[in-house]
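Structural description and commentary
The lines below spell out each chain.
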Amino acid sequence: MNYEYGMTVFYDPVTKNVIVVFRGKTTILEGPFQDLRTGVTAGEKLCEELGWRSGIEETPDKSID
């Protein structure tokens, strides 16, 4: 999956919370999330709800000469 520039999804195994940084806004998803995979999936779902499309390249298209 391609994350947008500056997008971060971080799972904290101590608190079992997820910290999401998306388009300049930081959100804490309070768990407990069972594991890394579950937490990251929840963070990515939040980003999708906020407009992230994982199939989009993070660098702009270059014109072909």
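Our structure is the block above this text.
Residues numbered from 1 in each chain as written. Predicted model: local features only at pLDDT ≥ 70, side-chain atom pairs only at ≥ 80, totals over all residues. Heavy atoms only, no water.

1. Some words on the overall build of the chain
Put simply, the rule reads: Labels follow the DSSP assignment, with helices taken as runs of H or I lasting at least four residues and strands as runs of E lasting at least two, numbered in each case from the N terminus. Only protein chains enter the accessibility calculation, which uses a 1.4 Å probe; a residue whose area is less than 20% of its type maximum is buried, one above 50% is exposed, and one in between is partly exposed. Areas reported here follow the Shrake-Rupley algorithm with a probe of radius 1.4 Å; residue values treat only the protein chains shown as occluding.
Regarding its fold elements, the chain presents one helix and three strands. Put simply, the chain runs from its N terminus to its C terminus through helices and strands in the order β-β-β-α. Burial status across the chain gives 26% buried among its 65 residues. A total accessible area of about 5,100 Å² is found for the chain, and carbon and sulfur atoms account for 54% of it.

2. Let's talk about the pattern of salt bridges
Selection rule: A pair is scored as a salt bridge if a Lys or Arg side-chain nitrogen falls within 4 Å of a carboxyl oxygen belonging to Asp or Glu.
Applying the stated criterion across every chain yields a total of two salt bridges. With its nearest N and O atoms 2.8 Å apart, the salt bridge here joins Glu4 to Arg23. Here the residue Glu4 occupies a position in the segment before strand S1 (8-12), and Arg23 occupies one in the loop between strand S2 (17-22) and strand S3 (25-29), the gap between them amounting to 19 residues. With relative accessibility at 25%, the residue Glu4 sits in the partly exposed group. Residue classification places Arg23 among the exposed positions, given a relative accessible area of 54%.

3. Looking at the pairing of S2
Threshold: Strands pair, by our definition, only if DSSP identifies at least two bridges between them.
As paired elements, S1 and S2 share five bridges and run antiparallel to each other. Counted as the bridge partner of Asp12 is Asn17 from S2. From the end of S1 to the start of S2, which pair antiparallel, there are four residues, and Lys16 there has a positive phi angle of about 65°. Bridge analysis of S2 against S3 gives five bridges, and the strand direction is antiparallel. Opposite Phe22, over in S3, you have Lys25 as the bridge partner.

4. With respect to the packing of aromatic side chains
Defined as follows: Working definition: a ring pair exists when centres of Phe, Tyr or Trp rings (six-membered ring for Trp) sit within 6.5 Å. Plane angles under 30 degrees give stacked, over 60 give edge-to-face, the rest tilted.
Applying the stated criterion to the full structure yields one aromatic pair. Measuring from centroid to centroid gives 5.5 Å for Tyr3 and Trp52, while their planes differ by 85°, and the two rings are edge-to-face. Separated by 49 residues along the polypeptide, Tyr3 in the segment before S1 and Trp52 in the segment after helix H1 (36-49) bring together distant segments of the chain. The exposure class of Tyr3 is partly exposed, given its relative accessible area of 23%.

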